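What the coordinates show
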Amino acid sequence: MKVRRFGKTGLRVSEIGFGCWALGGHAYGPVRDKDSLEALAAAWDSGVNFFDTADTYGEGHSEELLGKFLKGKPRDRLILATKCGWDFYAPSQKPASLSQGSPAKLNHAGHKKNFDTGYIRFACEQSLKRFGTDVIDLFQLHNPSLELIRRGDLVSVLEGLKKEGKIRFIGVSVHTETEALAVLEDSRIQAIQIIFNLLDQRMAERIFPEAEKKGIGIIVREALASGLLSGKYAPAHEFPKDDHRRRWVPEKREVDWQKIRLIQKMLRSGSQPLPKVALEFALAFEEVSTVIVGAKTRTQVLENVEASLKPALSREDVVRLKELYAREEIFRKALIPR
Ligand SMILES: NC(=O)c1ccc[n+]([C@@H]2O[C@H](COP(=O)([O-])OP(=O)(O)OC[C@H]3O[C@@H](n4cnc5c(N)ncnc54)[C@H](OP(=O)(O)O)[C@@H]3O)[C@@H](O)[C@H]2O)c1
């Protein structure tokens, strides 16, 4: 597995990282811990050293599984990234002095947005306990609002945790380009997590060069467009009950499917599997530090790491995929607003 520079952190991260959202359960349909632990082991054996999770994934379960997996591993060779800001704790699980979060802002799991100072400190302590470690390598704010990013006081809280030795580096996970630009304005932040894939290449234009200039590590997420870029989900496919993809509206599914068909048509027949092309495409941008792919099984992991172990996408194909995206009007449709 090839490794890359991770901004100015001094860390070397594997090109393919492991996204641990699905492992928590209730996000990508049913998962079994046995499969998840096998998937993590396969990733480690293939040279993956960067693992991204969040406390909200399965209400701590994803972190707990990672904690289990961590046991007996050389801690200094493994980069542990998690996130905070979605509050799933019952009032009885938290000190009474802490805020309960905003009931007006819920994520797909019904967790409340909570970026209050005291709560963030509490969340960090809880994540450390679940991991069974004394330091989190990258602690990320999980989709803070633009206003919060611009205010910057939360980063001061994380700086405090850094001084106390509880976290090593500070990151922010964002949705939009405007949020990403605001993050890049704050020199105390070491990494940014963004959406980038064959269907949504917007971050390449301004964010990639700007982050590179400022020495901020880029973590690419949803490089498989949440599994769509496997090519296995035609618009009529029905997702199981506890799969967040059930919320995709029919219009978006139809448009995304048409985009995928255009990509498949452009790629030569008999070329590589679509997920491998999608991952290699993200890695073709040298500003990208790591691509965190979500995987539920050992088989998926072994397919995904091939993008770094045996890359085969030509420079010409990368250019053609960029040109297709720029040329075809349909790629401007069904995107999350900037
Ligand atoms: N707001 C945020 O900060 C945020 C949001 C989203 C994600 N993330 C992070 O980014 C990571 C990656 O994103 P993601 O997991 O949502 O999306 P993703 O990596 O684009 O897609 C992952 C899904 O694709 C399918 N898949 C994986 N490998 C495959 C293969 N070789 N062939 C066919 N299908 C395959 C699996 O689901 P199926 O087999 O069921 O299709 C898997 O759960 C997450 O795990 C999480 O760590 C962060």
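Scroll up to find the structure this text is about.
Residues numbered from 1 in each chain as written. Predicted model: local features only at pLDDT ≥ 70, side-chain atom pairs only at ≥ 80, totals over all residues. Heavy atoms only, no water.

Notes on the overall build of the protein chain
A count of helical and extended segments in the protein chain gives eleven helices and 13 strands. For 338 residues, the compact-globule estimate of 2.2 N^0.38 gives 20 Å, and the protein chain sits close to it at 19 Å. Taken along the three principal axes of its C-alpha coordinates, the protein chain extends 60 × 45 × 40 Å. Taken over 338 residues, the protein chain has a buried fraction of 56%. Sequence separation of at least 24 residues holds for 75% of the intrachain contacts in the protein chain that already meet a minimum separation of 6. Split by element, the accessible area of the protein chain, about 14900 Å² in all, is 51% carbon and sulfur. The protein chain carries 54 positive and 45 negative side-chain charges, and their two centres are separated by 1 Å. (Helix = DSSP H or I, 4+ residues; strand = E, 2+ residues; numbered from the N terminus. Rg over C-alpha atoms; globule rule 2.2 N^0.38 Å. Buried < 20%, exposed > 50% of the residue type's maximum accessible area, 1.4 Å probe, protein only. Contact = heavy atoms within 4.5 Å. Areas by Shrake-Rupley, 256 points an atom, 1.4 Å probe, with all protein chains shown as cover. Lys, Arg positive; Asp, Glu negative; His and termini not counted. Charge placed at Lys NZ, Arg CZ, Asp CG, Glu CD.)

Here we look at the environment of G85
Among the secondary structure elements, G85 is positioned in the loop between β5 (79-84) and β6 (86-87). Accessibility expressed as a relative area gives 0% for G85, which makes it buried. Between the C-alpha atoms of G85 and A54, which are 31 residues apart in sequence, the distance is 9.2 Å. With residues up to four places along the chain from it excluded, the contact list for G85 reads K112, K113, N114, F115, Y119 and I120.

Side note on the pattern of salt bridges
Tallied over the entire structure, the rule returns 28 salt bridges. The salt bridge involving R121 is made with E164; its shortest N-O contact spans 2.4 Å. Here R121 is found in helix α3 (residues 117-131), whereas its partner E164 is found in the loop between α5 (153-163) and β10 (167-173), with 43 residues between them in sequence. If you follow the salt bridges from partner to partner, you end up with R121, E125, E164 and K166 in one network. (Salt bridge = Lys/Arg side-chain N within 4 Å of Asp/Glu carboxyl O.)

Observations concerning the environment of A211
Structurally, A211 can be placed in helix α7 (residues 207-214). Considering only alpha carbons, one finds A211 and T53, 158 residues apart in sequence, at a separation of 22 Å. Ignoring any residue separated from it by four or fewer positions in sequence, one finds A211 in contact with L184, I216 and I218.

Section: the sheet that holds β6
Spatially, β6-β8-β7 is the arrangement adopted by the three strands of the open sheet, whose pairing is antiparallel. The outermost strands of the open sheet, each flanked by one partner alone, are β6 and β7 (102-106). Here β7 pairs with strand β8 (residues 112-113) via two bridges, running antiparallel. Opposite L106, over in β8, you have K112 as the bridge partner. (Pairing = 2+ DSSP bridges.)

Some remarks on the nonpolar core
Among the nonpolar cores identified, the biggest contains 96 residues, and F18 and F51 are the most heavily contacted of them. Among residues more than four places away in sequence, those in contact with F18 are L23, A39, L40, A43, V48, F50, F51, D52, I292, V293, A295 and V301. Formed by eleven residues, the second largest nonpolar core is a distinct cluster that contains F6, V13, A191 and I219. (Core = buried A, V, L, I, M, F, W, Y, C linked by side-chain atoms within 4.5 Å.)

So, unusual backbone geometry
Leaving glycine aside, a negative phi is the common case for residues, and trans is the common case for peptide bonds. The backbone of N143 shows a phi angle near 60°, a positive value even though the residue is not glycine. A positive phi is found at A225, a non-glycine position, where the angle reads about 50°. Among the structural elements, A225 can be located in the loop between β12 (217-221) and α8 (250-266).

Observations regarding the site of the ligand
Close to the ligand lie 31 residues, the nearest being Y28, D52, S173, Y233 and K296. Contact between the ligand and L224: an oxygen atom at 3.0 Å from a main-chain N or O atom of the residue. S226 places a polar main-chain atom, nitrogen or oxygen, 2.9 Å from an oxygen atom of the ligand. Compared with its free state, where it exposes 890 Å², the ligand has 95% of that area covered by protein. Only β13 (290-294) and α10 (298-309) provide two or more residues apiece to the shell around the ligand. Here the residues of the shell around the ligand are counted per class, giving twelve nonpolar, eleven polar and eight charged. (Near = heavy atom within 4 Å. Polar contact = N/O pair within 3.5 Å; in protein donor to acceptor, adjacent residues only side chain to side chain. Nonpolar A, V, L, I, M, F, W, Y, C, P; charged D, E, K, R; others polar.)

A closer look at the packing of helix α2 (residues 61-70) against α3
Between α2 and α3, the least distance of the axes is 7 Å, while the angle of their chain directions is 45°. On the basis of their axis angle, the class for α2 and α3 is oblique. Here E63, E64, L66, G67 and L70 of α2 come into contact with α3, specifically with S127, R130 and F131. Of the residues contributing to the contact of α2 with α3, the split by class is three nonpolar, two polar and three charged. (Axes fitted to C-alpha atoms, helices over the stretch in contact; angles between N-to-C directions. Parallel < 35°, antiparallel > 145°, perpendicular 65-115°, else oblique.)

By themselves, these are just geometric observations and shouldn't be taken as functional.
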